[in-house]
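This is what each chain is made of:
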Amino acid sequence: MKKGEQEASQLTPTTAAPQDKPVRSPAVIFPDKGKDDWKWQMRNRIMTPEALLEAVPSLSRRSKPWLEGLAQASRLYRMAITPYYLSLIEPKDIEDPIAKQAIPSGLETLSRPWERDDPLEEEADARVTGLTHRYPDRALMVTTNLCAMYCRHCTRKREWRSPEGHASKARIDEMIRYIGEHPEIRDVIVSGGDPLILPTAKLDELLQSLRRIPHVEIIRIGTRVPVVMPMRIDGELLEVLDRAAPVWLNTQFNHPREITEESAAACEKIARTGIPIGNQTVLLRGVNDCPTVMTELCRSLLKIRVRPYYLYQCDPVKGVGHFRTAIGEGVRIIESMRGHTSGLAVPQFVIDAPGGAGKIPVMPNYVLADAGSQMILRNFEGIVLSYDNPPSSNHAACPRCAASGKQGVASLLVSDRTALIPEGTHRIKRRTHAHRHSL
Ligand SMILES: *Cc1c(COP(=O)(O)O)cnc(C)c1O
Ligand code: SF4
């Protein structure tokens, strides 16, 4: 046996082969009356293991540990699956990528020492309840803890402990006031939970109060509704979004099989309203941790006018550990996409760093050596080339950049500042001490 064959025989693939067509399982009960009615979908969400087994009787034939795991996990973290999303599941496939995102699993009850409820410390960066102001010019608003479907890999699983509910008017007013008092915030991300679950009138009111703040240039909506309950995208909602223009919408397709006639139609309507749609995929073990599946997903998204924006490393959240992959998996995916397919299809792979350090992009290395006037670069084919680098201009001399008030590493590039020095190292402490001594 050759080395490759030997290795292959020892390893089992974690990802099912990509399928061309969306599966509509006859095993799942999905009456036609809910086809265009999102309120029907909300009312008829599957919220307990019993309801799930009733809707998909063949699941009762799964193993005892599987069924016990389902019961245990759903006691720990709530569940909800729209009848629409449930109809995409292939119940015969134990590795089904749709089922893995929707059906509670015993693996959620296991935790590892490094996992946290809020690893990104969103709450520590919350200036008023529900508002995270982490980056210089943008803020994130959590307006509800309710979602049409509860993704088993959700980063905000901690929000599920409180009963389903929207932020009160007082809470929202407080967030709006904070944004109004901070002219540096020019981009507001309305997130959740899922903000498109808010009653349409309430969403309208919220968006209009943001629109009344002159320094809010753009509003972004983070929602999984086009994927899990596409019939929510109706004329009334689109009018509300259009009234708040310019609005950008980011959704979360994680697998090509989520692109159906219904979700494609929803995206088409959003795009026709003049709202650009981006996609934020979460890299999930056994769901989409495969370059072929990811490439197919991203190409299919372009066909429905959705631009792949981010590919997220799955966060170290309690109850989500079984979905996490090595960071190298993301790099492998980007290496196999960049140059091989439309640049528009290639998302930016990011790690949202624990402790609130924010998003850190990670990618394959294309710069092999940087020798100032000469750089050694490589392309996706492996061509290694020498690039004659023109001398750089002196940006520090540019008064506009110097006045831009840039923070962090970029401040070294646009000001006279020569170093960023971390606080609290032994050496810096010794220095401060010696300095005091000499005074
Ligand atoms: C992701 C995120 C943003 C937006 O980041 P972009 O890179 O601008 O998309 C803003 N605030 C918080 C807290 C975030 O996690
Ligand atoms: S839609 Fe978003 S917030 Fe809601 S469960 Fe899924 S990942 Fe979490």
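Along each chain, the written sequence defines residue order, and numbers are assigned to residues from 1. Chains carry letters from A onward and ligands carry numbers from 1 onward, assigned in written order. In keeping with the model being predicted, local features are shown solely for residues with a pLDDT of at least 70 and side-chain atom pairs are shown and tallied solely at 80 or more, while totals for entire chains, interfaces and linings include all residues. Hydrogen atoms and water are omitted, and side-chain values are computed over all heavy atoms in the structure.

### Examining the overall build of the chain
Numbered from the N terminus, helices here are DSSP runs of H or I no shorter than four residues, and strands are runs of E no shorter than two. Of the regular secondary structure elements, the chain holds 16 helices and 13 strands. Between the two quantities, the radius of gyration covers C-alpha atoms and the globule rule is 2.2 Å times the number of residues to the power 0.38. Compactness check: the chain gives a C-alpha radius of gyration of 24 Å against a globular reference of 22 Å for 439 residues, within 12% of the reference. Oriented by its inertia axes, the alpha-carbon framework of the chain measures out at about 75 × 70 × 50 Å. Relative to all contacts within the chain whose residues are 6 or more apart in sequence, the contacts with residues 24 or more apart total 74%. For the chain, the accessible surface area stands at approximately 22500 Å², while carbon and sulfur atoms represent 55% of it. Charge counting treats Lys and Arg as positive and Asp and Glu as negative, with His and both chain ends excluded. For this purpose, a charge sits on NZ of Lys, CZ of Arg, CG of Asp or CD of Glu. Charge-centre separation for the chain: the mean point of 59 positive side chains lies 3 Å from the mean point of 52 negative side chains. Here, residues are in contact when the closest pair of their heavy atoms is within 4.5 Å. Values of accessible area rely on a 1.4 Å probe in the Shrake-Rupley scheme; residue burial ignores everything except the protein chains shown.

### Regarding the nonpolar core
With 88 residues, the main nonpolar core has L52, Y85 and M141 as its most contacted residues. Examining the composition of this core, we find that five residues originate from one element, helix α7 (residues 169-181), more than from any other. Each of domain 1 (19-109) and domain 2 (126-361) accounts for three or more of the residues forming this core. If sequence neighbours within four positions are ignored, L52 has contacts with I46, L59, L70, M79, I81, L86 and I103. Residues belong to one nonpolar core when they are buried, are Ala, Val, Leu, Ile, Met, Phe, Trp, Tyr or Cys, and are joined through side-chain atoms within 4.5 Å. Relative accessibility under 20% of the residue-type maximum defines a buried residue, over 50% an exposed one, and the middle range a partly exposed one, all with a 1.4 Å probe and only protein chains included. In terms of nonpolar packing, the next biggest core, distinct from the first, is built from seven residues, L284, C314, V317 and V320 among them. For the domain bounds, the source is a domain assignment made automatically or taken from a database.

### Some points on the site of ligand 1
The criterion for a residue being near a molecule or strand is simple. One of its heavy atoms has to lie within 4 Å of it. Close to ligand 1 lie T132, Y135, R138, L140, I189, R220, Y309, Y310, D352 and K359. With respect to ligand 1, the side chain of R138 contributes an N or O atom lying 2.6 Å from an oxygen atom. For this analysis, a polar contact is any N or O atom pair within 3.5 Å, provided that within protein one partner can donate a hydrogen and the other can accept it, and provided that sequence-adjacent residues contribute only side-chain to side-chain pairs. In this structure, K359 approaches ligand 1 through a side-chain N or O atom, which is 3.1 Å from an oxygen atom. Taking 380 Å² as the accessible area of ligand 1 by itself, protein coverage stands at 90%. Where the shell around ligand 1 is concerned, the elements lending two or more residues are β2 (131-135), β3 (138-142) and β8 (306-312). Residue polarity follows a fixed list, in which Ala, Val, Leu, Ile, Met, Phe, Trp, Tyr, Cys and Pro are nonpolar, Asp, Glu, Lys and Arg are charged, and the others, Gly among them, are polar. Each residue belonging to the shell around ligand 1 can be placed in one class, and the counts come to five nonpolar, one polar and four charged.

### Topic: the packing of aromatic side chains
Paired rings are identified among Phe, Tyr and Trp, the last through its six-membered ring, by centres lying within 6.5 Å, and are further divided according to the angle between planes into stacked (under 30 degrees), edge-to-face (over 60) and tilted (the rest). Evaluated as defined, the whole model comprises three aromatic pairs. Where Y150 meets W160, the ring centres are 4.9 Å apart and the plane angle is 55 degrees; that geometry is what we call tilted. Placement of Y150 in the loop between β3 and α7 and of W160 in the loop between β3 and α7 is noted, with a sequence separation of ten residues between them. For the pair Y150 and W160, one class covers both residues: buried. What links up through ring pairs into an aromatic cluster is the set Y309, Y310 and Y312.

### Looking at the site of ligand 2
Taken together, C147, M149, Y150, C151, C154, W160, G193, R224 and Q252 make up the full set of residues near ligand 2. Class assignment of the residues belonging to the shell around ligand 2 gives a composition of six nonpolar, two polar and one charged.

### Here we look at the pattern of salt bridges
Salt bridge, as used here: a side-chain nitrogen of Lys or Arg that lies within 4 Å of a carboxyl oxygen of Asp or Glu. Applying the stated criterion across every chain yields a total of 21 salt bridges. For R45, the salt bridge is made with E164, and the minimal N-O distance between the two is 3.1 Å. Note that R45 is positioned in the loop between α2 (38-43) and α3 (49-55) and E164 in the loop between β3 and α7, a separation of 119 residues in sequence. On the basis of relative accessible area, E164 is assigned to the partly exposed category, the value being 31%. One salt bridge in this structure joins D96 and R257, with 2.8 Å as the shortest N-O distance. Linking D96 in the loop between α5 (83-86) and α6 (97-102) with R257 in the loop between β6 (247-251) and α11 (261-272), this pair joins segments that are 161 residues apart in sequence.

### Considering the sheet that holds strand β13 (residues 384-388)
The three strands lie next to each other as β11-β12-β13, forming an open sheet whose pairing is antiparallel. Strands at the two margins of the open sheet, each flanked by one partner only, are β11 (367-370) and β13. Across the sheet, the mean angle from the axis of one strand to that of its neighbour is 20 degrees, orientation sign disregarded. Pairing between strands is defined by DSSP: at least two bridges between them are needed. Here the axes come from fitting lines to C-alpha atoms, over the contacting stretch only for helices, and the angles between their N-to-C directions go from 0 to 180 degrees.

### Focus: the sheet that holds β2
Read across the open sheet, the ten strands follow the order β1-β2-β3-β4-β5-β6-β7-β8-β9-β10; overall the sheet is mixed. The strands lining the two open edges of the sheet, one partner per strand, are β1 (126-128) and β10 (358-361). Within this sheet the neighbouring strands show an average axis-to-axis angle of 30 degrees, counted without direction. As paired strands, β1 and β2 are joined by two bridges and run antiparallel to one another. Paired with V128 across the bridge in β2 is L131. In the packing of helix α8 (residues 200-211) onto the sheet, contacts are made with β3, β4 (187-191) and β5 (218-222), and the angle to β5 comes to roughly 150 degrees.

### A few points about the environment of K318
Within the element layout of this structure, K318 appears in the loop between β8 and α13 (327-337). For the pair formed by K318 and W114, sequence separation is 204 residues and the distance between their alpha carbons is 8.7 Å. Apart from the residues lying within four places of it in its own chain, the contact partners of K318 are Y77, S111, E115, R116, D117 and K157.

### Remarks on the confidence of the model for the chain
Keep in mind that low pLDDT regions are not for reading the predicted coordinates in detail. When pLDDT is averaged along the chain, the result is 89; 90% of the residues meet or exceed 70. Per-residue confidence from the predictor is reported as pLDDT, a score between 0 and 100. Overall, residues 1-9 carries pLDDT values under 50, and its contacts beyond four positions in sequence, including any with other chains, amount to two contacts. Confidence drops under pLDDT 50 across residues 12-23; counting only partners more than four residues distant or on other chains, this segment forms 25 contacts.

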